[in-house]
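A structural walkthrough
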Amino acid sequence: MNVLFIGYGRMGGALGDAWIKGGLVQRLSIVDPGLSADAAAGRYTRLHDVPAEQAFELIVLAVKPAYASSALAGLSDRQCSQATVVSVAAGVTEASLSDAVGQRCPVVRAMPNTPVLLGAGCTGLYAGAQFDATRKAVISRLFEAVGAAYWVDEEQQLDAVTAISGSGPAYYHLFSEALADAGVKLGLGAELARNLAAQTAFGAATVQHQAYADFTELRAAVTSPNGTTAAAIEVFESQRKLRELVEQATSAAHRRSMELSKEA
Ligand SMILES: NC(=O)c1ccc[n+]([C@@H]2O[C@H](COP(=O)([O-])OP(=O)(O)OC[C@H]3O[C@@H](n4cnc5c(N)ncnc54)[C@H](OP(=O)(O)O)[C@@H]3O)[C@@H](O)[C@H]2O)c1
């Protein structure tokens, strides 16, 4: 597949490097004024500008949201002729991306999260109704190379994806921080408490991921009646306080995502 990246920073680089490494993409061209010649040497074609005569099957837009529309605006008819545009720019709507390419090629919005950088990401994908199943399968495969990928039916659902998986890694880091701090209060050294929290998060995530069982069942399986876990869960669940907090926090993230989308 002949792929062009417009922007090759943290997110663009994570995707492009993974696709090349996984053999999903053979040719990769990059337009990014910030990319050093050394960083691109030998592996990619580094372009100063998008060559007007060249057609691409995939154009990945991975610049900051404020530059998204202007970065697409200069594409020629030839460049757009066979292309699908995939934008990872947070909050930039399909309508404004489609306008920026003059409605000449289909547009997909992707909302990845930071674990994509380690191949353990989670990406929400959206495309308009006219987007065909073959192209969808290709895009799914590309994002599955860096974790899991899920399509949403309505564009607005990407704001919910942002509130759950986009911002989600930080919620888990906060919980680990609180757990490690609690360990120190219980008399453990800071490093040990930190390692216990991190390894426990990893173990719990691995169980959730492998079993794909109901979360309530997984919790019940490790909660003996009247045991230590039950004592802690009773506190978390008292008046559903933790659940309410999670609802309020994710609502705040959802609201903010909608606001940013209007500003983008
Ligand atoms: N990082 C994440 O975890 C994450 C998660 C979800 C979505 N995203 C989205 O991914 C996009 C990129 O984020 P990032 O973290 O990868 O940012 P980044 O590291 O700053 O990368 C953006 C790159 O694009 C370059 N660039 C700027 N204007 C350009 C233009 N007109 N044409 C070509 N290249 C241009 C920048 O060069 P200069 O540095 O020289 O300006 C930079 O190298 C954002 O829209 C963000 O919303 C990121």
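Residues numbered from 1 in each chain as written. Predicted model: local features only at pLDDT ≥ 70, side-chain atom pairs only at ≥ 80, totals over all residues. Heavy atoms only, no water.

**As for the overall build of the protein chain**
Basically, it comes down to this: Think of it this way: any DSSP run of H or I at least four residues long counts as a helix, any run of E at least two long counts as a strand, and we number them from the N terminus. Throughout, exposure labels follow a simple rule: accessible area from a 1.4 Å probe, protein chains only, divided by the maximum for the residue type, with under 20% read as buried, over 50% as exposed, and the rest as partly exposed. The contact criterion used is simple: two residues touch if any of their non-hydrogen atoms lie within 4.5 Å.
Each helix and strand in the protein chain was counted, giving 12 helices and eight strands. Each principal axis of the C-alpha atoms in the protein chain carries an extent, and together these give about 70 × 40 × 30 Å. Burial analysis of the protein chain (264 residues in total) assigns 38% to the buried set. Long-range pairs, those at least 24 residues apart, make up 62% of the contacts in the protein chain between residues at least 6 apart in sequence.

**Digging into the site of the ligand**
How we decide: Any residue with a heavy atom positioned within 4 Å of a molecule or strand is treated as near that molecule or strand. Two N or O atoms form a polar contact when they lie within 3.5 Å of each other; inside protein one atom must be a possible hydrogen donor and the other a possible acceptor, and for residues adjacent in sequence the pair counts only when both atoms belong to side chains. Here the Shrake-Rupley method, with its probe set to 1.4 Å, supplies the accessible areas, and only the displayed protein chains count as covering residues. Each residue is assigned to one class: nonpolar for Ala, Val, Leu, Ile, Met, Phe, Trp, Tyr, Cys and Pro, charged for Asp, Glu, Lys and Arg, and polar for all the others, Gly among them.
With respect to spatial proximity, 20 residues lie near the ligand, and among them Arg10, Met11, Asp32, Val63 and Thr114 are the closest. Within the backbone of Arg10, one N or O atom sits 3.0 Å away from an oxygen atom of the ligand. In the model, an oxygen atom of the ligand is placed 2.7 Å from a nitrogen or oxygen of the Asp32 side chain. In the complex, the protein chains occlude 72% of the 880 Å² of accessible area that the ligand would expose alone. Residues belonging to the shell around the ligand are distributed by class as follows: 13 nonpolar, four polar and three charged.

**Observations concerning the nonpolar core**
Note the cut-off: Side-chain atoms within 4.5 Å are what join buried Ala, Val, Leu, Ile, Met, Phe, Trp, Tyr and Cys residues into a set we call a nonpolar core.
Membership of the largest hydrophobic core comes to 28 residues, with the highest contact counts inside it found for Phe5, Leu15, Trp19, Leu58, Ile139 and Phe143. Listed by contribution, the elements that provide at least two residues to this core are β1 (2-6), α1 (10-21), β2 (27-31), β4 (58-61), β6 (107-111), β7 (121-127) and α6 (133-144). With five residues, the single largest contributor to this core is α1. Other than its neighbours up to four places away in sequence, Ile139 contacts Leu58, Thr84, Val86, Val108, Leu125, Phe131 and Trp151. With 20 residues, the next largest nonpolar core counts Leu4, Val63, Ala68 and Val107 among its residues.

**Quick look at the pairing of β7**
Inclusion rule: At least two bridges found by DSSP between two strands are what make those strands a pair. When the strands point away from the viewer, a crossover counts as right-handed if the route from the first strand across the helix to the second turns clockwise.
Counting buried positions over the seven residues of β7 gives six, a clear majority of the element. Taken together, the four bridges between β6 and β7 define a ladder with antiparallel strand orientation. Counted as the bridge partner of Val108 is Ala127 from β7. In this structure, β7 lies alongside strand β8 (residues 147-151), joined through five bridges in parallel fashion. When the bridges of β8 are listed, Gly124 appears paired with Tyr150. Handedness of the β-α-β unit built from β7, α6 and β8 comes out right-handed.

**So, the side chain of Ser98**
Structurally, Ser98 is set in helix α5 (residues 94-100). Look at Ser98 and you get buried, because its relative accessible area is 10%. Once residues lying within four places of it in the same chain are set aside, the contact partners of Ser98 are Gln103 and Val107.

**Points about unusual backbone geometry**
A positive phi angle is found at Gln239, which is not glycine, with a value near 50 degrees. With respect to the helices and strands, Gln239 occurs in the loop between α11 (228-237) and α12 (241-263). Located in the positive-phi region is Arg240, a residue other than glycine, with phi close to 55 degrees. Along the chain, Arg240 turns up in the loop between α11 and α12.

**What about the domain arrangement of the protein chain?**
This is how the line gets drawn: The source of the domain bounds is an automatic or database domain assignment.
As far as domains go, the protein chain holds domain 1 (2-157) and domain 2 (168-263). Once you take the C-alpha centre of each, domain 1 and domain 2 turn out to be 33 Å apart.

**A closer look at the pairing of β2**
For β2, a buried count of four out of five residues is recorded, marking the element as mostly surrounded by other parts of the structure. Bridging between β1 and β2 involves five bridges; their strand directions are parallel. In the sheet register, Phe5 faces β2, and the bridge partner there is Ile30. In terms of handedness, the path from β1 via α1 over to β2 forms a crossover that is right-handed.

**Looking at the environment of Gly121**
Considering the arrangement of structural elements, one finds Gly121 in strand β7. Residue classification places Gly121 among the buried residues on the basis of a relative accessible area of 7%. Expressed as a C-alpha distance, the spacing of Gly121 and Ala145, which sit 24 residues apart in the sequence, is 9.2 Å. Not counting residues within four places of it along the chain, the set of residues in contact with Gly121 comprises Asn113, Pro115, Val116, Val146, Gly147 and Ala148.

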